[in-house]
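The primary structure of each chain is shown beneath.
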Amino acid sequence: DSALRMPALLREEGIWVSTDHDEIEKVAKQFGAQVHRRSPEVSQDSSTSLEAITEFLNHHQEVDIVGNIQATSPCLHPSDLIKVADLIQKEGFDSVFSVVRRHQFRWSEVKKGENKMTEPQNLNPAKRYRRQDWPGELYENGSFYFAKRHLIEKGYLQGGKMAYYEMRAEHSVDIDIDIDWPIAEQRVLSFGYFGKEPLKEVKLLVCSIDGCLTNGRIYVTEDHKEMVSYDYRDIVGIDLLKKRGIQVRLISDRDCSKTLSAMQLGCVAKVNVTNKLQVLKDWQEDMGLSWKEVAYLGNEETDVECLKQAGMSGVPADACAAAQKAAGYICKSRGGCGAVREFAEHIFLLLEKVNSARKQLEEIRLKLIFCQFWS
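As a starting point, this report considers the structure included with it. (Residues numbered from 1 in each chain as written. Predicted model: local features only at pLDDT ≥ 70, side-chain atom pairs only at ≥ 80, totals over all residues. Heavy atoms only, no water.)

### A short note on the overall build of the protein chain
Broken down by element type, the protein chain carries 12 helices and 15 strands. By the burial criterion, 42% of the 375 residues in the protein chain qualify as buried. Within the protein chain, residue pairs in contact and separated by at least 24 positions form 59% of the contacts whose partners lie at least 6 positions apart. Surface accessibility of the protein chain: about 21800 Å² in total, with carbon and sulfur atoms responsible for 51%. (Helix = DSSP H or I, 4+ residues; strand = E, 2+ residues; numbered from the N terminus. Buried < 20%, exposed > 50% of the residue type's maximum accessible area, 1.4 Å probe, protein only. Contact = heavy atoms within 4.5 Å. Areas by Shrake-Rupley, 256 points an atom, 1.4 Å probe, with all protein chains shown as cover.)

Dropping the structure here:
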């Protein structure tokens, strides 16, 4: 779909998103990007990124260099883009594109009905070597294409003084078909960009009740009693967090103490709260935690400051736009429909990353001690 091919066009003032889709325009603006409304002529299923970029340049004569970042490559790191920009701005390259190293042996295709044999393309079967002993080959991975205006105006993104930028294999993910989605999601969770500060062990999860633990709906009976519904998967998620030694606390803008009593979750809760951030700070200080050890799941504007402050933050799929913008993770599940369980699994996956890193550091430390001992 042409609406999903929305290259971000870099310039000094910020990021542009080229699209003909109302929803994509809305999301782009929510996250601070400027939007170039693409014309119908370059929004066809057969339209290319080059056509969209050329149209953009026709409307923006002040732009000299374009960084075309493909939305289908979600594991791209900001550090990569900084290095690529330097190649063009400081080292004088006219175009730079992303590649990844592959260790795959290629053979010629034999079409059905052809009376011939396949032939090796990049190996000698008589002297076949191990893949780990072979440097491999470079393939375009489609993450980005940077080029100067004069090249694009000639009708191409690669030319002049060219350079490739080799990306790490774990960051090289291209979403082309449905099966690529789960692979991309796992790569983002395992190798995605988390900022400069290292992750720490999460020891506290604070969850907003209405809209996260429940779906936010309140049913009122004829005798004026309130009822809410919740998903049993979320209760299991809370139990799993507790078993991992993570304390779970609940918070709400309204007085829902009777509901919590009926649910029998066994969690510390604070209801009828007017300042959620202050409550969160009080809990964090009382437990002697750093902010990197605090996770927060919220869904409303009253949760935004808590989402920004917590070391790990998430929102259900149906959270308000302000909360989604402030969160580090957006669940696929809606509030009251498994979002707590999903966020718990997200925490577990990231904690595995932390533990793995700690294990590697400990192994390095032991090796250094061993070397010092024998030296």
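### A few points about a nonpolar patch on the surface
Nonpolar side chains collect at one region of the surface, where Val27, Phe31 and Ile330 lie side by side and expose about 230 Å² of accessible area between them. Take phenylalanine 31: it is sitting in the loop between helix H1 (22-30) and strand S3 (34-37). According to the relative accessible area criterion, phenylalanine 31 is partly exposed, its value standing at 44%. (Patch = residues over 30% accessible without salt bridge, like charges linked within 9 Å, V, L, I, M, F, W, Y side chains within 5 Å. Salt bridge = Lys/Arg side-chain N within 4 Å of Asp/Glu carboxyl O.)

### Focus: the nonpolar core
If you look at the biggest cluster of nonpolar residues, it comprises 30 residues, and the most contacted ones within it are Leu250, Phe343 and Ile347. Elements with a contribution of two residues or more to this core: strand S8 (204-208), helix H6 (209-213), helix H7 (232-243), strand S11 (247-251), helix H8 (257-263), strand S13 (294-297) and helix H12 (339-374). When residues in this core are grouped by element, the largest group, eight residues, is from H12. Counting 21 residues, the second-largest nonpolar core is a separate cluster that includes Ile251, Val279, Val294 and Val315. (Core = buried A, V, L, I, M, F, W, Y, C linked by side-chain atoms within 4.5 Å.)

### Thoughts on the pattern of salt bridges
One pass over the structure, following the stated rule, counts 19 salt bridges. With a closest N to O distance of 3.2 Å, arginine 106 and glutamate 137 form a salt bridge. Of this pair, arginine 106 sits in the loop between strand S5 (95-102) and strand S6 (137-148) while glutamate 137 is found in strand S6, placing the two residues 31 residues apart along the sequence. Owing to a relative accessible area of 33%, arginine 106 belongs among the partly exposed residues under this scheme. Linked by salt bridges that have partners in common, Asp22, Glu25, Lys29 and Arg37 make up one network.

### Things to note about the packing of aromatic side chains
One pass over the structure, following the stated rule, counts seven aromatic pairs. Ring-pair connections join several aromatic residues into one group, and the members of that group are Phe105, Tyr129 and Trp134. Residue placement shows lysine 161 over the ring face of phenylalanine 93; its charged tip is 4.7 Å from the ring centre. (Phe/Tyr/Trp six-rings, centres within 6.5 Å; stacked < 30°, edge-to-face > 60°. Lys NZ or Arg CZ within 6 Å of the ring centre and 35° of its normal.)

### Comments concerning helix H3 (residues 78-89)
The end-to-end C-alpha distance of H3, which contains 12 residues, comes to 16 Å, matching closely the 16 Å that a straight helix rising 1.5 Å per residue would cover. Every buried residue belonging to H3 is among Asp80, Leu81, Val84, Leu87 and Ile88, and all of these are buried. Summarising the axial view, the buried residues of H3 lie within an arc of 115 degrees, below the 170-degree limit, and thus occupy one face. Exposed side chains of H3 directed beyond 90 degrees from the buried face belong to Ile82 and Gln89. In the core, the buried residues of H3 are packed alongside strand S4 (65-69), S5, S6 and strand S7 (162-166). (Expected span 1.5 Å × (residues − 1). Arc of directions from axis to C-beta.)

### A word on the sheet that holds strand S14 (residues 312-315)
Strands sit in the order S12-S11-S8-S13-S14-S15 across an open sheet of six strands; the sheet is parallel. Of all strands in the sheet, those bounded by a partner on one side alone are strand S12 (268-270) and strand S15 (329-330). In this structure, S8 lies alongside S11, joined through five bridges in parallel fashion. Residue pairing across strands places cysteine 207 opposite leucine 250, the latter belonging to S11. (Pairing = 2+ DSSP bridges.)

### Observations concerning unusual backbone geometry
Phi at asparagine 272 takes a positive value of approximately 55 degrees, unusual for a residue other than glycine. Tracing the sequence through the fold places asparagine 272 in the loop between S12 and helix H9 (276-286).

### Points about H7
For H7, built from 12 residues, the straight-helix expectation of 16 Å at 1.5 Å per residue is met to within 8% by its first-to-last C-alpha distance of 17 Å. Among all positions in H7, only Asp234, Ile235, Gly237, Ile238 and Leu241 are buried. The arc that holds every buried residue of H7, seen down its axis, measures 155 degrees, which confines them to one face. Facing away from the buried side of H7 by more than 90 degrees, the exposed set consists of Tyr232 and Lys243. The first or second residue beyond H7 is glycine 245, which carries a positive phi of 85 degrees.

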